[in-house]
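As a plain string of letters, each chain reads:
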Amino acid sequence: MPLLLSGTAAIVGHASQHSGEVQAQVDETLTNLDSLVAAARHQGAVLPATLGAGSLLKVYVRDPADAPLVAARLAQQLDPAVPRLLLHAQVCRRELLVEIDGVHGPATG
C-alpha cells in the first residue's frame, strides 16, 4: 500500500515557515515529506527510503510567477524519476506559497 501525502507544506509544528521565500518553502516541504516517509518506514511500512519512480507528486503554487522557481528547485532536490505536476492553485494558508500532495510507494512496472 502506498503512503498518501496530503497538504504537505512549509509548516513545522503548527507554525508556517519562510514567509515570502518560495524556494525555502519548497525545501522545508521536501524535508517534511522525507520525515513522513521515515515515520511510515519506522512503523513498518515497506517503502523506499526516498521519493523516486514510485512517487507521484502534485505541486500547488500560489503565484504563477513562482512556478519556474519551484520547478527549478524541485529539479535540484528530487530524483529525476519522480513524476510531478505543477498547478496554479490556492494553498492551505495565506502565507504559504507552495503545497505538495502525492503518493509514495515502490516503483511498479
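Note that this is a predicted model, so its numbers are computed, not measured.

Engineer: I keep staring at the overall build of the protein and nothing clicks. Help me out?
Structural biologist: When you go through the protein residue by residue, the secondary structure sums to two helices and six strands. In summary, the protein has a C-alpha radius of gyration of 13 Å against a globular reference of 13 Å for 109 residues, a match within 12%. With respect to the three principal axes, the spread of C-alpha positions in the protein is 35 × 30 × 20 Å. Here the protein, with 109 residues, has 39% of them falling under the buried criterion. Looking at the protein alone, contacts between residues at least 24 apart form 78% of all its contacts between residues at least 6 apart. Of the roughly 6100 Å² of accessible surface on the protein, 56% is carried by carbon and sulfur atoms. For the protein, the distance from the average site of its 7 positive side-chain charges to the average site of its 10 negative ones is 4 Å.

Engineer: How should I be thinking about the sheet that holds strand E5 (residues 84-88) in this particular structure?
Structural biologist: Strand pairing in a sheet takes place through backbone hydrogen bonds and is either antiparallel or parallel in direction. Strand order across the open sheet formed by four strands is E1-E6-E4-E5, with mixed pairing between neighbours. Strand pairing shows two members of the sheet lacking a second neighbour, strand E1 (3-8) and E5, which therefore form its edges. Each strand axis lies, on average, 15 degrees off the axis of its neighbour in the sheet, ignoring direction. Examined bridge by bridge, strand E4 (residues 55-61) and E5 share five bridges and lie parallel to one another. Residue pairing in the sheet places Lys58 in a bridge with Leu85 of E5.

Engineer: Any chance you could explain the environment of Leu96 here in plain terms?
Structural biologist: Secondary-structure assignment places Leu96 in the loop between E5 and strand E6 (98-104). Taking relative accessible area as the criterion, Leu96 reaches 0% and is therefore assigned buried. Residue contacts for Leu96: discarding those within four places in its chain leaves Ala9, Ala10, Ile11, Ser16, Gln17, Gln25, Arg62 and Val91.

Engineer: Looking at this structure, I do not really get the side chain of Asp66. What am I missing?
Structural biologist: Here Asp66 is to be found in the loop between E4 and helix H2 (67-77). The charged side chain of Asp66 is buried without a salt bridge, its nearest counter-charge being Arg62 at 7.9 Å. Discounting residues that sit within four places of it in the chain, Asp66 has contacts with Val22, Val61 and Leu97.

Engineer: What should I look at first to understand the pairing of E6 in this one?
Structural biologist: A regular strand places its side chains on the two faces of the sheet in alternate fashion. Counting buried residues along E6, six of its seven residues qualify, which places the element largely inside the surrounding structure. Bridging between E4 and E6 involves seven bridges; their strand directions are antiparallel. Counted as the bridge partner of Tyr60 is Glu99 from E6.

Engineer: What's the story with the packing of helix H1 (residues 22-42) against H2 in this structure? I'm lost.
Structural biologist: As a packed pair, H1 and H2 sit with axes 9 Å apart at the nearest point and diverge in direction by 40 degrees. If you check the angle between H1 and H2, you find them oblique. Judged by the sense of rotation from one axis to the other, the crossing of H1 with H2 is right-handed. Residues Val22, Gln23, Val26, Asp27 and Leu30 of H1 form the contact with H2, whose own contacting residues are Leu69, Val70, Arg73, Leu74 and Gln77.

Each value, and the rule that gives it
- Residues numbered from 1 in each chain as written.
- Predicted model: local features only at pLDDT ≥ 70, side-chain atom pairs only at ≥ 80, totals over all residues.
- Heavy atoms only, no water.
- Helix = DSSP H or I, 4+ residues; strand = E, 2+ residues; numbered from the N terminus.
- Rg over C-alpha atoms; globule rule 2.2 N^0.38 Å.
- Buried < 20%, exposed > 50% of the residue type's maximum accessible area, 1.4 Å probe, protein only.
- Contact = heavy atoms within 4.5 Å.
- Areas by Shrake-Rupley, 256 points an atom, 1.4 Å probe, with all protein chains shown as cover.
- Lys, Arg positive; Asp, Glu negative; His and termini not counted.
- Charge placed at Lys NZ, Arg CZ, Asp CG, Glu CD.
- Pairing = 2+ DSSP bridges.
- Axes fitted to C-alpha atoms, helices over the stretch in contact; angles between N-to-C directions.
- Salt bridge = Lys/Arg side-chain N within 4 Å of Asp/Glu carboxyl O.
- Parallel < 35°, antiparallel > 145°, perpendicular 65-115°, else oblique.
- Left-handed = near helix turned anticlockwise from the far one by under 90°.

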